[in-house]
Protein chains: 2
Amino acid sequence: MKKIEFIRNILEANEIIARRNQQLLDRHKVFAINIMSSPGAGKTSLIQQTLTRLKGRLSIAVVEGDVASTVDAEKVQSDAKAVIQINTRNMPESCSLMAAMIESALKDIPLDDIDLLLIENVGNLICPSEFILGEHKRVVISSLPEGDDKPIKYPLIFIDADAVIINKVDLLPHVDFDIDAFRHSVAGLHPETEIFELSCKTGEGVDRWCSWILAQVKSYATKQ
Amino acid sequence: MKKIEFIRNILEANEIIARRNQQLLDRHKVFAINIMSSPGAGKTSLIQQTLTRLKGRLSIAVVEGDVASTVDAEKVQSDAKAVIQINTRNMPESCSLMAAMIESALKDIPLDDIDLLLIENVGNLICPSEFILGEHKRVVISSLPEGDDKPIKYPLIFIDADAVIINKVDLLPHVDFDIDAFRHSVAGLHPETEIFELSCKTGEGVDRWCSWILAQVKSYATKQ
């Protein structure tokens, strides 16, 4: 079928560029994390918290992916070594970042001056699961108000996640969300996934997430 | 450019089928609403509330669009005249319903026995904005925990919305959401959009939404 073949070509081309991105990052010893979620689940808040808490310990650059606007880039600007905004609105594939967009962003990032690249993908639980970008780890955020059935409804993005963050735990008394059921669904898709329960609003649980990042970056640096 | 041309062909083909769907619906005097939102914003809950409150006044069928699972179809089954589940997981375009999927679903719906078709699109603020399905009205749900910046970040889906629902207003004391700022952004994109503030959990505000539907169906029926 013509269309399926065409999509396969896009995915293959994306993988080639993603591999090239990772080689470039590895040459400069930059660890990269692709952060994905629904709109409003807390990607930007998590990046803000991470930047604040790891200040002085890691030098961090951020790529902000959005259909439109620069509001997220403005929010993280003060604490990041560099921030690149990508707007996908007029691109043929607007529902996800793609490796070619990251390749272009990497040209404007001082790779020798950073240890970590945080990539905030477009708010979407479907498209980003199809496109690797060259990242070393993939993280999915689910927030309590979205409900605990997201791994069942959007399995692909959870199957490939190295870590899953349950955000907005401060809302637990006010919403229906069964954390055990959610953990069980995630484990059923990918048993090795690390799961973090936290609130970017209150800060609860964010230290454990930051410790995980530090450990990941350290382990990566010793391997290079 | 080859890819853009290819996408244009998909959109054109989709529009032709959507127009055919609407003609079929009009022949049977069925009013159709396409309901779109982020994952977990409350599409299924809104449909459940609508079915319960309009029972005995309108005969309603539901199409449930999801990447995977049948959990939503099961939730609405008891009060709908017919429920059709569409899973987009293995389809070339998995991030939105498309007109061809609705065309196929309409074959299994007793069109002469219903007044209203509620179509729950795939949870996504990007792809569904590109594909009309044959619906008469387009509705977008935004929920408070997602934040008030969604119209700025995902303008396309709001530009074409006939109605926008602000759901989960019961969470207002616990989240940062500026309802006036949100209303202002929506009005900036499409001044005629009807805006409803409600909570599918407490039921607050749902009656106004149901009255709007009744008025829409009545006005449609007199025109046919």
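A brief structural summary. This one's a predicted model, so the numbers in the text were calculated from it and none came from an experiment. (Residues numbered from 1 in each chain as written. Chains lettered and ligands numbered in written order. Predicted model: local features only at pLDDT ≥ 70, side-chain atom pairs only at ≥ 80, totals over all residues. Heavy atoms only, no water.)

**With respect to the packing of aromatic side chains**
Residue and element names in this part refer to chain B. Defined as follows: Between the rings of Phe, Tyr and Trp (Trp by its six-membered ring), a pair exists once the centres lie within 6.5 Å; its type follows the angle of the planes, with under 30 degrees stacked, over 60 edge-to-face, and the other angles tilted. A run of H or I in DSSP counts as a helix once it spans at least four residues, and a run of E counts as a strand once it spans at least two, with each numbered from the N terminus. When a residue's accessible area, from a 1.4 Å probe over protein chains only, is under 20% of the maximum for its type it is buried; when over 50% it is exposed; and in between it is partly exposed.
For the structure on display, the rule yields 12 aromatic pairs over all chains. A centroid spacing of 5.2 Å and a plane angle of 55° characterise the contact between Phe31 and Tyr220, whose relative ring orientation is tilted. Of this pair, Phe31 sits in strand 1 (residues 31-37) while Tyr220 is found in helix 8 (residues 206-223), placing the two residues 189 residues apart along the sequence. Neither Phe31 nor Tyr220 differs from the other in exposure class; each is buried. Relative to Trp212, the ring of Phe196 lies with its centre 5.6 Å away and its plane at 65°, an arrangement referred to as edge-to-face. Residue Phe196 is found in strand 7 (residues 194-197), and its partner Trp212 is found in helix 8; the two are separated by 16 residues along the sequence. As far as burial versus exposure is concerned, Phe196 and Trp212 are alike and both buried.

**Brief notes about the sheet that holds strand 5 (residues 137-143) of chain A**
All names here are of chain A. Selection rule: Two strands pair if DSSP finds at least two bridges between them. Each axis is a line fitted through C-alpha atoms, taken for helices only over the stretch in contact, and angles between the N-to-C directions span 0 to 180 degrees.
One open sheet holds the 7 strands; their spatial order is 3-2-4-1-5-6-7, and the pairing between them is parallel. On the outer flanks of this sheet lie strand 3 (82-87) and strand 7 (194-197), each paired with one strand and no other. Taken pair by pair, the neighbouring strands of this sheet meet at an average axis angle of 20°, ignoring direction.

**Some details on the state of the cysteines**
Defined simply, a disulfide is a covalent bond joining two cysteines at their sulfur atoms. All names here are of chain A. As a reminder, the rule being used: Two cysteine sulfurs form a disulfide in these notes if their separation is within 2.5 Å.
For the structure shown, the criterion picks out 2 disulfides over all chains. Covalent S-S linkage joins Cys95 and Cys127, the inter-sulfur distance amounting to 2.2 Å. Given an S-S torsion of about -100°, the disulfide between Cys95 and Cys127 has left-handed geometry. Taken as a pair, Cys95 in the loop between strand 3 and helix 4 (99-106) and Cys127 in the loop between strand 4 (116-120) and strand 5 lie far apart in primary sequence, 32 residues in all. Neither residue differs from the other here; Cys95 and Cys127 are each classed as buried. Cysteine Cys200 remains unbridged, with the sulfur of Cys210 as its closest cysteine sulfur at 9.4 Å.

**Some points on the packing of helix 2 (residues 43-54) of chain B against helix 8 of chain B**
All names here are of chain B. Under the convention used in this document: Any angle that falls under 35 degrees is termed roughly parallel, while one over 145 is termed roughly antiparallel, one within 65 to 115 roughly perpendicular, and all others oblique. By the convention used here, residues are in contact when the closest approach between their heavy atoms is within 4.5 Å.
Where helix 2 contacts helix 8, the axes come no closer than 10 Å and their chain directions differ by 70°. Between helix 2 and helix 8, the angle is such that the two are roughly perpendicular. For the pair helix 2 and helix 8, contact is made by Leu46, Gln49, Thr50, Arg53 and Leu54 and by Val206, Asp207, Trp209, Cys210, Ile213 and Leu214, respectively.

**What about the pairing of strand 2 (residues 60-66) of chain B?**
Residue and element names in this part refer to chain B. Put simply, the rule reads: Clockwise travel from the first strand over the helix to the second, with the strands pointing away from the viewer, marks a crossover as right-handed.
Here strand 2 lies mainly inside the structure; 7 of its 7 residues are buried. In strand 2, alternate side chains face the same way, and those of Ile60, Val62, Glu64 and Asp66 on one face and Ala61, Val63 and Gly65 on the other are all buried. As paired strands, strand 2 and strand 3 (residues 82-87) are joined by 6 bridges and run parallel to one another. Residue Asp66 lies in a different strand from strand 3, and its bridge partner there is Asn87. Once the chain exits strand 2 it traverses helix 3 (residues 71-76) before rejoining the sheet at strand 3, and the crossover so formed is right-handed.

**A word on the nonpolar core**
Rules: Take the buried residues of types Ala, Val, Leu, Ile, Met, Phe, Trp, Tyr and Cys, join any two whose side-chain atoms come within 4.5 Å, and each joined set is a nonpolar core.
Of all hydrophobic cores here, the largest spans 46 residues; its most connected members are Val140 and Ile166 of chain A together with Val140 and Ile166 of chain B. Looking at this core, the elements that each hand over two or more residues are helix 6 (155-159), strand 6 (163-167) and helix 7 (179-189) of chain A together with helix 6 (155-159), strand 6 (163-167) and helix 7 (179-189) of chain B. Counting 31 residues, the second-largest nonpolar core is a separate cluster that includes Ile47, Ala163, Ile213 and Tyr220 of chain B.

**Side note on the relation of the copies chain A and chain B**
Under the convention used in this document: We superpose the copies by least squares over the C-alpha atoms of residues that have a pLDDT of at least 70 in both of them.
With an RMSD of 0.0 Å, the operation that places chain A on chain B is a rotation of 180° combined with a shift of 0.0 Å along the axis. Interpreted geometrically, this transformation is the action of a two-fold axis. When the interface residues of chain A are mapped onto chain B, 100% of them are again interface residues, pointing to one common binding face.

**Notes on the side chain of Ser38 of chain B**
As for its position among the elements, Ser38 of chain B is in the loop between strand 1 and helix 2. Using a relative accessible area of 0% as the deciding quantity, one classes Ser38 of chain B as buried.

**Considering helix 4 (residues 99-106) of chain B**
Applied cut-off: What the arc describes is the spread of directions from the helix axis to the C-beta atoms.
Those residues of helix 4 of chain B that fall on the buried side of the exposure criterion are Ala99, Met101, Ile102, Ala105 and Leu106 of chain B. Buried residues of helix 4 of chain B, seen end-on, are gathered within an arc of 155° and therefore sit on one face of the element.

**Section: the sheet that holds strand 2 of chain B**
Residues and elements named next belong to chain B. Reading across from one edge, 3-2-4-1-5-6-7 is the order of the 7 strands in this open sheet, with parallel pairing throughout. Each edge of the open sheet carries a strand with a single partner, namely strand 3 and strand 7. Neighbour-to-neighbour, the strand axes of the sheet open up by a mean angle of 20°, direction not taken into account. Here strand 2 runs beside strand 4 (residues 116-120); their pairing, made up of 5 bridges, is parallel. Across the sheet, residue Glu64 finds its bridge partner in strand 4, namely Glu120. Along the sheet, helix 2 makes contact with strand 1, strand 2, strand 4, strand 5 (137-143) and strand 6, crossing strand 2 at roughly 170°. Here helix 8 sits on the sheet and contacts strand 1, strand 4, strand 5, strand 6 and strand 7; the angle it forms with strand 7, its principal contact strand, is near 145°.

**Comments concerning the interface of chain A and chain B**
Stated formally: Summed over both partners, the accessible area lost on bringing two parts together, with a 1.4 Å probe, is the buried area. Any Lys or Arg side-chain nitrogen found within 4 Å of a carboxyl oxygen on Asp or Glu counts as a salt bridge.
Opposite the 46 residues of chain A that make contact, chain B presents 46 residues. Taken together, both faces of the contact between chain A and chain B bury some 3,600 Å²; the carbon and sulfur share is 62%. Where chain A touches chain B, the interface holds 2 salt bridges. In this structure, Lys153 of chain A and Asp72 of chain B form a salt bridge, with 2.8 Å as the shortest nitrogen-oxygen distance. Of all the secondary structure elements, the ones that give two or more residues to the side of chain A that touches chain B are helix 1 (2-27), helix 3 (71-76), helix 5 (150-153) and helix 6 of chain A.

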